[in-house]
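Descriptive structure summary
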Amino acid sequence: MTTAQPENGPLAGEPRMLIDGELQLTESGAMFGVEHPATEQQAGDATDATVADMERAIGAARRAFDRTEWSRDAGFRFHCLSQLHEALDRNKERLRRVLITEVGCPVSVTGSQIESPIDEVKHWAEHGRDFEHLVDTGVHDTQLGPARRKLHYEPVGVVGAITPWNVPFYLNIAETVPALMAGNTVVLKPAQLTPWSGSELGRIVAEETDIPAGVFNVVTANANEVGAALSADPRVDMITFTGSTATGRAILAAGAPTIKKTLLELGGKSAHIVLDDADFSASLPLAAMMACVMSGQSCILPSRILLPRKRYDEGLAILQASMENFPVGDPWVAGNMQGPQISETQRKKVLGLIQSGIASGARVVTGGGIPETLPVGYYVQPTLLADVDPDSQVAQEEIFGPVLTVTPYDTDDEAVAIANNTIYGLSGEVSSADVDRAFAVAERMRTGNVTINGKSHFGVNSPFGGTRQSGLGYRNGAQGYTEYLHIKTIGMPA
Ligand code: ADP
């Protein structure tokens, strides 16, 4: 077994939070530990902020919004975010090591979690620079005579960003940079398992950019009450959140008394409908890979595979071979594509759902437990469950593990019905030799996004949002910028 090279191994991130332009520890000095999931060892710690710290951060963001030129000076914002882009690029290798340390994601698959979000900072800076924030819609007839109307796209105000641990650096950028470029001020509350992907961003903003004090704040904390305080505070105008549907409901409820604008990207239980004419040798190895690369810790993963009954065994055999040969192991070793789950709690949850599937009649084709060769680290075997009842818990709850469930179907109508048999509606996939046929099926899926034949729907240029209990609003695309703006319509003499 190859072991990690020390010069390229775990690295502790910034322990301080950023409030009102100052990197700082909480007054009591309390810290919480950050574990490296591949070694089960504590890799360092982060300051454990209190609700009072969160309130100071919100106050700083409120002052920076109300009393500085940040919300009005798009040229300055472009300058600052261009600086941030360059600074992140300079810090790229450090950020990668810190990310692998707290998440355990394999070094080979960090491109989408480091390079892509850094590129997206440049994208949003340029998008905001080129966006017309004031639009003259011309003269309109009214009962009181002609009126010229102008639309002013204004920032919403103070934005609270609450992020999860699965792709933390990417989501910290995706939730805060378009908000900042649109002229808002931000308080970021990263997940407790991954505080450093947030605090490193805070450090870089403070030390390497001209972003004024209070415009961008990062508060790391171990207690959920600190995030809850952000989602309830009347000084916060908008919450942007990515995480579980249960927490999304709590955030929406906390914002209700002040009618907070709320952008939610929540859970998913996406289906992959493999039509009977599909090229199995192309679509199924890719499906297996997607289930394993992030240890299944992806909200958009099509984790329910629906196979035509007449080609069921053929499909299962391809999935089985792909999962059994998947390179699982030390995330620091290039070539490994699946690392550990992020924590023992998460691993237990995954193993528990696998057991619930077995109890409800599913058959383990491969995997189902902990790899014998990896006794240290929170690893789970790539797992294929066949004959899964579409109403069972394992087919209804998000697993967030390297697990595919497979259910046979007889007709396309039945496949669509099974795909839609969920409270979620985040993404989905269709495979077919006939793209028009696949498109027709994709149109019937009650979901926000669909991939056909492995061609991804996801990217900074295209809107991404869930339907039903998977979310509210959009990230990415033009909509991913206007979400952070209000339109003020001004009528004036013609
Ligand atoms: P998980 O259950 O996988 O940990 P969550 O959706 O609960 O994921 O967590 C995502 C983010 O939401 C984290 O930053 C977490 O601290 C935060 N959070 C958890 N509970 C609340 C809450 N009640 N209000 C606001 N934020 C919360």
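About the criteria used
- Residues numbered from 1 in each chain as written.
- Predicted model: local features only at pLDDT ≥ 70, side-chain atom pairs only at ≥ 80, totals over all residues.
- Heavy atoms only, no water.
- Near = heavy atom within 4 Å.
- Polar contact = N/O pair within 3.5 Å; in protein donor to acceptor, adjacent residues only side chain to side chain.
- Helix = DSSP H or I, 4+ residues; strand = E, 2+ residues; numbered from the N terminus.
- Nonpolar A, V, L, I, M, F, W, Y, C, P; charged D, E, K, R; others polar.
- Pairing = 2+ DSSP bridges.
- Axes fitted to C-alpha atoms, helices over the stretch in contact; angles between N-to-C directions.
- UniProt positions renumbered as here; feature names shortened; annotations may be inferred.
- Buried < 20%, exposed > 50% of the residue type's maximum accessible area, 1.4 Å probe, protein only.
- Contact = heavy atoms within 4.5 Å.
- Domains from an automatic or database assignment.
- Buried area = accessible area lost by both parts, 1.4 Å probe.
- Salt bridge = Lys/Arg side-chain N within 4 Å of Asp/Glu carboxyl O.
- Disulfide = S-S within 2.5 Å.
- Phe/Tyr/Trp six-rings, centres within 6.5 Å; stacked < 30°, edge-to-face > 60°.
- Lys NZ or Arg CZ within 6 Å of the ring centre and 35° of its normal.

1. Considering the site of the ligand
As a structural note, the neighbourhood of the ligand is formed by 15 residues, with T163, K189, Q192, S244 and T247 the closest of them. A distance of 3.2 Å separates an oxygen atom of the ligand from a polar atom in the side chain of W165. In this structure, Q192 approaches the ligand through a side-chain N or O atom, which is 2.5 Å from an oxygen atom. Contributions of two or more residues to the shell around the ligand are made by α7 (224-232) and α8 (245-255). When the residues that make up the shell around the ligand are grouped by side-chain class, the tally is 7 nonpolar, 7 polar and 1 charged.

2. Re the sheet that holds strand β6 (residues 147-155)
Read from one edge of the open sheet, 3 strands run β5-β6-β20, paired in antiparallel fashion. Each of the sheet's edge strands pairs with one partner strand only, and the pair in question is β5 (134-140) and β20 (485-493). The average undirected angle you get between the axes of adjacent strands in this sheet is 20°. Judged from the 9 bridges that link them, β6 and β20 form a sheet pairing that is antiparallel. Bridge pairing links A147 to P493 in β20.

3. Notes on the UniProt feature "active site" (unreviewed entry) in the protein chain
The UniProt record marks E265 with the feature "active site" (unreviewed entry), using the residue numbering of this structure. Turning to its location among the elements, E265 is positioned in strand β11 (residues 261-265). Take E265: its relative accessible area is 2%, and that puts it in the buried class. Those residues within four positions of E265 in sequence are excluded, and the remaining contacts are F241, T242, G243, L426, F464, G465, G466, S470, G473, Y474 and R475.

4. Re the domain arrangement of the protein chain
Assigned domains within the protein chain: domain 1 (17-266 + 471-493) and domain 2 (271-452). Computed from C-alpha atoms alone, the centre-to-centre distance between domain 1 and domain 2 is 32 Å. At the junction of the two partners, domain 1 supplies 26 residues and domain 2 supplies 28 residues. A combined buried area of about 2000 Å² lies between domain 1 and domain 2, and 64% of that area is made up of carbon and sulfur atoms. Summed over the shared surface of domain 1 and domain 2, the number is 0 salt bridges. Summed over the shared surface of domain 1 and domain 2, the result is 7 residue pairs in polar contact (both at pLDDT 80 or more). Those elements giving two or more residues to the side of domain 1 that touches domain 2 turn out to be β3 (31-36), α3 (92-103) and α8. If one sorts the elements of the side of domain 1 that touches domain 2 by residue count, α3 sits on top with 5 residues. For the side of domain 1 that touches domain 2, a count of residues per class yields 12 nonpolar, 8 polar and 6 charged.

5. Remarks on the sheet that holds strand β15 (residues 383-386)
Ordered by their spatial adjacency, 7 strands build an open sheet running β14-β15-β16-β13-β12-β17-β18, and the pairing between neighbours is mixed. Looking along the sheet, the strands with just one partner apiece sit at the ends: β14 (363-366) and β18 (451-452). The strands touched by helix α13 (residues 412-419) within the sheet are β12 (270-274), β13 (302-308) and β16 (403-409), with β16 carrying the most contacts at an inclination of about 145°.

6. Things to note about the state of the cysteines
In this structure the tally under the stated criterion is 0 disulfides. Here C292 stays unpaired: no disulfide links it, and the sulfur of C105, its closest cysteine neighbor, is 15 Å away.

7. What about the packing of aromatic side chains?
Tallied over the entire structure, the rule returns 7 aromatic pairs. Arranged with centres 6.1 Å apart and planes meeting at 85°, the rings of W70 and F76 form a pair that is edge-to-face. Taking relative accessible area as the criterion, W70 reaches 1% and is therefore assigned buried. In this structure F76 comes out as partly exposed when scored by relative accessible area, which is 27%. Through a chain of ring-to-ring contacts, three or more aromatic side chains come together here, namely W124, F131, Y153 and Y481. The ring of F280 is capped by R311, whose NZ or CZ atom sits 3.7 Å from the centre of that ring.

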